[in-house]
Amino acid sequence: LKKNQDDNNNDDDEGVIEEAVVRYCLEKCYNTTGSDEQNAGANQNEIVKLSVDYIARILAHCLFNARSTPWLQEHFMEEWIKLMPGVGDIYEPKMELLKDIAIVQTSEEVGPLHTSSVTGNDPGNVNVSGDDDNEDHKVYLKYFPRTGLPFDVKGRFKALFRERSKWLLEDMEPYLCDIVDKLPSVANVQELLSTYAIADSTPTNTSPNIPVSAKNENDRVSAPAAAVYYIAK
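Rules used in this analysis
- Residues numbered from 1 in each chain as written.
- Predicted model: local features only at pLDDT ≥ 70, side-chain atom pairs only at ≥ 80, totals over all residues.
- Heavy atoms only, no water.
- Axes fitted to C-alpha atoms, helices over the stretch in contact; angles between N-to-C directions.
- Helix = DSSP H or I, 4+ residues; strand = E, 2+ residues; numbered from the N terminus.
- Parallel < 35°, antiparallel > 145°, perpendicular 65-115°, else oblique.
- Contact = heavy atoms within 4.5 Å.
- Nonpolar A, V, L, I, M, F, W, Y, C, P; charged D, E, K, R; others polar.
- Phe/Tyr/Trp six-rings, centres within 6.5 Å; stacked < 30°, edge-to-face > 60°.
- Buried < 20%, exposed > 50% of the residue type's maximum accessible area, 1.4 Å probe, protein only.
- Pairing = 2+ DSSP bridges.
- Expected span 1.5 Å × (residues − 1).
- pLDDT = per-residue confidence, 0-100.
- Salt bridge = Lys/Arg side-chain N within 4 Å of Asp/Glu carboxyl O.

K.L.:
Is there a simple way to think about the packing of helix 6 (residues 169-181) against helix 7 (residues 189-196) in this case?
P.N.:
Describing two packed helices takes the angle between their axes plus the distance from one axis to the other. At a minimum axis separation of 9 Å, helix 6 and helix 7 run at an interaxial angle of 95°. As summarised for this structure, helix 6 and helix 7 are arranged roughly perpendicular, according to the angle between their axes. Contacts between helix 6 and helix 7 involve Leu169, Met172, Glu173, Leu176, Cys177, Ile179 and Val180 from the first element and Val189, Gln190, Leu192 and Leu193 from the second. Split by residue class, the contact of helix 6 with helix 7 holds nine nonpolar, one polar and one charged.

Printed below as a string of structure tokens:
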């Protein structure tokens, strides 16, 4: 790196990246953890640490963008872990990191989108042929990034309910928190929902969607029978 105040005309600096450029590129994915105590004074080096969660989210986007069909969750997790740079067994990305990136689907939800088995070498390809006896218990991940949704309130809700007719609060919050932050008159997501959605607590034996925050596949097979869903007004 080269400090901004260094002499830009120094021939020895050829090919050296300006510190300001590096900081700009990394400002969202690192945290300052201290300084190098071995060096004192002006030459003391700042020690930074990359945010592993932030890197994991970037890699998740890359995986979803690499394909046009939903991922089988277990295959996605395998590929996701493989992509993590140099962390080994110390760090394993968690499903919570995908809350505003992807939605969880059952095989029933995926099925109508793919009337025949998807073939290919990609281990994440969806197979909905029905040949697997455990197909009903499989969980899939569909790319649904918040960054791709409309910025205005009405447009955002329209896009959400076009994707799903019913949403759990915990699944909607990640897709609405940025809207709430821009509306000083709205205190929280629940208050925003009171204007644009209706709470529906009708008991049901099946779930139209599954909480992304569930800790394992068995937790995602069905939502609580008395769960409160939000539907469009």
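Now that the structure has been shown, we can carry on.
K.L.:
Whenever I open this one, the packing of aromatic side chains confuses me. Can you help?
P.N.:
When we look at a pair of aromatic rings, we describe it by the centre distance and by the angle of the planes. For the structure shown, the criterion picks out nine aromatic pairs. On the basis of an interplanar angle of 25° and a centroid distance of 4.6 Å, the ring pair of Phe64 and Phe76 is categorised as stacked. Residue Phe64 is located in helix 2 (residues 52-65), and its partner Phe76 is located in helix 3 (residues 73-83); the two are separated by 12 residues in the primary sequence. The pair Phe64 / Phe76 is uniform in exposure class, with both members buried.

K.L.:
Mind showing me how you'd approach the packing of helix 5 (residues 153-163) against helix 7 here?
P.N.:
Interaxial distance between helix 5 and helix 7 falls to 12 Å at its minimum, and their mutual angle equals 80°. The angle between helix 5 and helix 7 falls in the class roughly perpendicular. Contacts between helix 5 and helix 7 involve Val153, Lys154, Phe157 and Phe161 from the first element and Leu192, Leu193 and Tyr196 from the second. Among the residues making up the contact of helix 5 with helix 7, the classes are represented as six nonpolar, no polar and one charged.

K.L.:
Is there a simple way to explain the sheet that holds strand 7 (residues 197-200) in this structure?
P.N.:
Backbone hydrogen bonds hold the strands of a sheet together, and the pairing may be parallel or antiparallel. The three strands are arranged 6-8-7 in an open sheet whose pairing can be described as antiparallel. With one partner strand each, in any of the chains shown, strand 6 (167-168) and strand 7 form the two edges of the open sheet. As defined by bridge partners, strand 6 adjoins strand 8 (residues 229-232) across two bridges and the pair is classed as antiparallel. Bridging from a neighbouring strand, Trp167 pairs with Tyr230 of strand 8.

K.L.:
Explanation requested: helix 2 in the structure shown.
P.N.:
Since there are 3.6 residues in each turn of an α-helix, residues three or four apart along the chain are aligned in direction. The terminal C-alpha atoms of helix 2, which comprises 14 residues, lie 20 Å apart, in line with the 20 Å expected from a rise of 1.5 Å per residue. Every buried residue belonging to helix 2 is among Ile55, Ala56, Leu59, Ala60, Leu63 and Phe64, and all of these are buried. At its buried positions, helix 2 is contacted by strand 3 (71-72), helix 3, strand 4 (102-106) and strand 5 (139-143).

K.L.:
Even after reading the chapter, I still don't get the confidence of the model for the chain, so can you show me in this structure?
P.N.:
A low pLDDT score tells you not to read the predicted coordinates there in detail. The pLDDT averaged across the chain works out to 77; a share of 65% of its residues lies at or above 70. No element of the chain has a lower mean pLDDT than strand 1 (residues 30-35), which averages 63, and none a higher one than helix 5, which averages 96. Throughout residues 127-131 the model reports pLDDT below 50, and contacts reaching past four residues in sequence, or to other chains, amount to 10 contacts. Here residues 204-208 is modelled with pLDDT under 50, and outside its nearest four sequence neighbours on either side it reaches eight contacts, counting other chains as well.

K.L.:
Before we go on, may I ask you to explain the pattern of salt bridges in this structure?
P.N.:
Should their charged atoms come close, side chains of opposite charge can pair. Under the counting rule described, the total for this entry stands at seven salt bridges. Arg164 is the salt-bridge partner of Asp171, the closest N and O atoms lying 3.8 Å from each other. One salt-bridge network, in which partners are shared between bridges, spans Arg57, Asp100 and Arg146.

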